[in-house]
Amino acid sequence: MYTTLAKFTVTVIVYACLIGNEKGIAINKASEVKVRNKRMVIERLTLTSADKQAVVDQHNLYRTNVSPTATNMIKLAWSDELAQLAGDYSRECKFEHNPNRNIRPFKYVGENLYITGGNSGSVVGSMSDAVNSWHREVSDFTYETNTCAQVCGHYTQIVWASTLYVGCGATACSGITGPAASRLVVCNYGPAGNLQGSRPYQSGSSCASCPMEYPRCENSLCTTAADDQAKTGNAERTFRMSTATPGYFVLLMTVCAIHFLMSNSLFHACWL
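Just so it is clear, the model here is predicted, and its values are computed rather than measured.

### Describing the side chain of T223
- Turning to its location among the elements, T223 is positioned in strand β9 (residues 221-223).
- With residues near it in sequence (within four places) discarded, T223 still touches K75, Y214, P215, R216 and E218.

Below is the structure:
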């Protein structure tokens, strides 16, 4: 009896120890991940309003000066939604593309990545270095044959005519390419470019084929009459309105008129 009881006691103790070890390993692994993440993320870098405008301006400068010239190149604007997506992903400190980057209102979102050799200088300076690096791929791109000698997808995304918005973020990390600190820059583009088999833009006289929603020509770029796209900062509402068909507005006005007659309240009838 005592022998049986002793065996039972030992069995319970051993089982308890095994369970404890399993839980301890799980906790330790979680702790290791937490420590590793803290070690990698050194600092979340922020952009001022002036920094954001500088990034947009640099992109638009390259879009203005494409060769051959573009008939349908739309002026880019900043998107806070895309910037949030880029900033959040940069804090993962992974030098690889985000597989979950498609957000409303864009069906597809493009992405360019860049890593600096250190963590010094201004944030907008790192952004500028990134955009310049991506643009240098133009030397590997041949417009006439729509081919790349090496890598040029970052360049073609910058000058993709139908892309409307850009948003960028950056994080200072360690452990990406080694123990030293570096900055990971991420820029997202909506809607995405680099559609297989398509050229980034249509060549010809500047602004000769601007989309109906962007009838004004400014520095060889198609833009809206009042440049509302650049002023709003709300990509979802602007994208939704700019891509609506004329039939949508006819239907909307009809519905508004019916509601107005029934409710005598234009405000409630047409509030979007």
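What follows continues from the structure just given.
### Notes on the environment of E81
- Within the secondary structure layout, E81 lies in helix α3 (residues 80-90).
- Residue E81 is classed as partly exposed on the basis of its relative accessible area, which comes to 24%.
- Along the primary structure E81 and P105 are separated by 24 residues, whereas in three dimensions their C-alpha atoms are 9.6 Å apart.

### Topic: the state of the cysteines
- Following the criterion strictly, the structure yields five disulfides and no others.
- The side chain of C207 participates in a disulfide bridge whose partner is C217; the two sulfur atoms lie 2.1 Å from each other. Because the torsion about its S-S bond is 70°, the bridge between C207 and C217 counts as right-handed. Of this pair, C207 sits in the loop between β7 (181-190) and β8 (216-218) while C217 is found in strand β8, placing the two residues 10 residues apart along the sequence.
- Judged by its relative accessible area of 15%, C207 falls in the buried class.

Analysis parameters
- For every chain, the first residue of the written sequence is number 1, and numbering continues from 1 onward in sequence order.
- Totals for whole chains, interfaces and linings use all residues, but because this is a predicted model, local features are given only for residues with pLDDT of at least 70 and pairs of side-chain atoms are given and counted only at 80 or more.
- Only hydrogens and water are set aside; all other atoms, that is, all heavy atoms of the structure, feed into the side-chain values.
- Strands are runs of DSSP state E lasting at least 2 residues, helices are runs of H or I lasting at least 4, and numbering of each runs from the N terminus.
- Residue contacts are defined here by distance: any two heavy atoms, one from each residue, within 4.5 Å place the two residues in contact.
- A 1.4 Å probe rolled over the protein chains alone gives each residue an accessible area, and that area as a share of the maximum for its type sets the label: buried under 20%, exposed over 50%, partly exposed in between.
- The disulfide criterion is simple: two cysteine sulfur atoms within 2.5 Å.

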